[in-house]
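Geometric and topological summary
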Amino acid sequence: MPAVAGLAVLSEIPNAFEKDWDLKDSVFLAKEPNSIVSEGFRSLRTSLSAYSPRSVMITSPSPGEGKSFCAANLAVLQANMGYRTLLVDADFCKPRMAEIFTDPLRGKGGDGSLTKQNLCEETIFKNLSLISCGRFSTNTGEPMNSEIFAQMLHEAHSSFDCVIIDTSPLNVVSDGLTYSRHADAVVLVLEAGATKVDAAWH
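Predicted, not measured: the structure shown is a model, and the values here were computed from it.

1. A few points about the overall build of the chain
- Helix and strand content of the chain: 7 helices and 6 strands.
- Counting every position in the chain, which comprises 202 residues, the buried fraction comes to 45%.
- Considering only contacts in the chain between residues 6 or more positions apart, those separated by 24 or more positions represent 72%.

Next up, the structure:
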């Protein structure tokens, strides 16, 4: 699909789930490190390493195409290799990373005790930290603006070796387009046989 859309193919990740899969079970680098799915993420990392990015933004045209799945696994892969890694959940439409990466003994996702907005916290994986940007960044109901995002990313670079950013789908809200100018690399996740070319180029 990316080749058809005129984009460079960084990696092809095999289909890992049937319908109604749970994102909590999606970290293949932890549960099935020798699977072909995990190898697909190693291939993605190898492709990205040619550009030496310190920050990688991962997005998709539409919901349900696997961007959060890719962001989660790439972050764990980087952390497993010994890099101090920060995962930024900047999906203001449907933030999901806290339910995967934070200790359930500390509270339930969304109850305010588990992940506070813009608070960097350790995860259940060594070398991996998480920032959840929250549903909105201000009491005006607006997502984090470009300047605040750029400042957050600049500060993250002083403490972490790499930053993986999961953003909202591009055809739902424009946050990803706004933030993309500040990331060193952008990965557009397309679902083979499902994503339409015009959606990828929208």
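Structure's up, so let's keep going.
2. A short note on the nonpolar core
- V56, I58, L87, M97, F101, L128 and I164 are the most contacted members of the largest nonpolar core, which totals 30 residues.
- Secondary structure elements with two or more residues in this core: α1 (28–31), α2 (36–49), β1 (55–59), α3 (67–80), α4 (97–101), β4 (128–132) and β6 (185–188).
- In terms of residues, this core owes the most to one element, α3, which gives 9 residues.
- Once residues within four sequence positions are removed from consideration, L128 is found in contact with A75, V76, A79, T85, L87, F101, E122 and T123.
- Core analysis: the next-biggest nonpolar cluster, separate from the first, contains 17 residues, I131, C133, M144 and A156 among them.

3. So, the environment of V187
- Take V187: it is sitting in strand β6.
- Overall, V187 belongs to the buried group, its relative accessible area being 8%.
- When the C-alpha atoms of V187 and K67 are compared, they prove to be 8.8 Å apart, with 120 residues separating the residues in sequence.

Reading guide: rules and limits
Residues numbered from 1 in each chain as written. Predicted model: local features only at pLDDT ≥ 70, side-chain atom pairs only at ≥ 80, totals over all residues. Heavy atoms only, no water. Helix = DSSP H or I, 4+ residues; strand = E, 2+ residues; numbered from the N terminus. Buried < 20%, exposed > 50% of the residue type's maximum accessible area, 1.4 Å probe, protein only. Contact = heavy atoms within 4.5 Å. Core = buried A, V, L, I, M, F, W, Y, C linked by side-chain atoms within 4.5 Å.

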